[in-house]
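Chain by chain, the residues run as shown.
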Amino acid sequence: MSHSIQQVNEMKYEEFLQVFGNVVEHCALCAAAIWAHRPFYNVQELHAELCHFIDNLPSIGREGILRLHPDLAGRIAQLGLLTSESKKEQLSAGLDTLTEDERETIMDLNERYKEKFGFPFVICARDNKKHAILTGLKIRIENTSEVEVTTGVEEVKKIMMYRLLDLVKTDN
Ligand SMILES: NC(=O)N[C@H]1NC(=O)NC1=O
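Residues numbered from 1 in each chain as written. Predicted model: local features only at pLDDT ≥ 70, side-chain atom pairs only at ≥ 80, totals over all residues.

In the nomenclature of an unreviewed UniProt entry, the chain corresponds to 2-oxo-4-hydroxy-4-carboxy-5-ureidoimidazoline decarboxylase from the organism Allacma fusca. Comment text from UniProt for the chain, heading Subcellular location (unreviewed entry), reads "Peroxisome". (UniProt positions renumbered as here; feature names shortened; annotations may be inferred.)

Right, dumping it as structure tokens:
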């Protein structure tokens, strides 16, 4: 359901958390923190407040946010246990149409990425089809940890914007 920015600004904390609690995957803290910063002028400002909160976390906090994300085409997806948001995103990237070889490659690269960095590979699946995800994994696994925390968090912000646009009307 889509809400006007006026409706968002009038929301009590509990409703706000229910509506926006998963705009950052499994990290309701982000929405809980920025509720105090109402009123928001528009969805862009809401997004900017969330970005500001995330950017001000210590590096281990930002890594923690990455860790809350399920692997793309991973076991959680295979078990049907994704959040509805993540499921929709993974479908939009065509991750349900992977060949056996592609699935094995992506799962293997995801494991190697996690072994190297200690957090999962995060990319905005609504901006990347399955081939771009595979290429991204192959390229980004060569980066340093610092670069990958920054890159992963920038992807979280893109995912967040799409999720917000599903929830807030922009025509006000
Ligand atoms: N691992 C990872 O990138 N997961 C996320 N990406 C996305 O678009 N939705 C997710 O859950």
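Resuming the write-up.
> Give a description of the packing of helix 5 (residues 59-67) against helix 10 (residues 145-167) that names residues and reports values.
Viewed as axis vectors pointing N to C, helix 5 and helix 10 meet at an angle of 55 degrees, and their least axial separation amounts to 10 Å. Judged on the interaxial angle alone, helix 10 and helix 5 are oblique. Here the hand of the crossing between helix 5 and helix 10 comes out left-handed. For the pair helix 5 and helix 10, the contacting residues are Ser59, Arg62, Glu63, Ile65 and Leu66 in the first and Val149, Gly152, Val153 and Val156 in the second. (Axes fitted to C-alpha atoms, helices over the stretch in contact; angles between N-to-C directions. Helix = DSSP H or I, 4+ residues; strand = E, 2+ residues; numbered from the N terminus. Parallel < 35°, antiparallel > 145°, perpendicular 65-115°, else oblique. Left-handed = near helix turned anticlockwise from the far one by under 90°. Contact = placed C-beta atoms within 7 Å.)

> Quick rundown of the site of the ligand? Include the residues and the values.
Taken together, 15 residues are adjacent to the ligand, and His69, Ser86, Glu89, Val122 and Ala125 come closest. Of the residues assigned to the shell around the ligand, the class counts are nine nonpolar, two polar and four charged. (Near = placed C-beta within 6 Å. Nonpolar A, V, L, I, M, F, W, Y, C, P; charged D, E, K, R; others polar.)

> Could you give an account of the confidence of the model for the chain, naming the residues involved and the relevant values?
Of the residues in the chain, 99% reach a pLDDT of 70 or more, and the chain-wide mean stands at 97. At the level of chain-chain contacts, confidence expressed as ipTM amounts to 0.99, with global pTM at 0.97. (pLDDT = per-residue confidence, 0-100.)

> Give me the lowdown on unusual backbone geometry, citing residues and values where you can.
Here the bond from Arg38 into Pro39 is cis, since omega is 0 degrees, no more than 30 degrees from zero. The topology assignment puts Pro39 in the loop between helix 3 (28-34) and helix 4 (43-55). Of note, the phi angle at His26 is positive, near 55 degrees, even though the residue is not glycine. For His26, the position within the fold is in the loop between helix 2 (13-20) and helix 3. Backbone geometry at Ala73 places phi at a positive 55 degrees, although glycine is not the residue there. Position of Ala73 among the secondary structure elements: in the loop between helix 5 and helix 6 (75-78).

> Any details on the packing of helix 4 against helix 10? Residues and values, ideally.
In contact at an axis separation of 10 Å, helix 4 and helix 10 are set at 150 degrees when each is read in the N-to-C sense. Taken together, the axes of helix 4 and helix 10 are roughly antiparallel relative to one another. Considering how the two elements wind past one another, helix 4 and helix 10 form a crossing that is right-handed. Mapping the contact onto sequence places Val43, Leu46, His47, Leu50, Cys51 and Ile54 in helix 4 and Val153, Lys157, Met160, Met161, Leu164 and Leu165 in helix 10. A breakdown of the residues in the contact of helix 4 with helix 10 according to their chemical character gives 10 nonpolar, one polar and one charged.

> Kindly report on the nonpolar core, identifying the contributing residues and their values.
If you look at the biggest cluster of nonpolar residues, it comprises 29 residues, and the most contacted ones within it are Val24, Cys30 and Leu50. Of all the secondary-structure elements, those providing two or more residues to this core are helix 3, helix 4, helix 5, helix 8 (100-117) and helix 10. The residues touching Val24, leaving out its near neighbours within four places in the chain, are Cys30, Ile65, Val156 and Met160. (Core = buried A, V, L, I, M, F, W, Y, C linked by C-beta atoms within 7 Å. Buried ≥ 20, exposed ≤ 12 C-beta atoms within 10 Å, placed from the backbone.)

> Outline the environment of Leu46, listing residues and values.
Turning to its location among the elements, Leu46 is positioned in helix 4. The exposure class assigned to Leu46 is buried, which follows from the 26 C-beta atoms found within 10 Å. Residues Leu46 and Met160 lie 114 residues apart in sequence; the distance between their C-alpha atoms is 10 Å. Not counting residues within four places of it along the chain, the set of residues in contact with Leu46 comprises Phe40, Leu164 and Val168.

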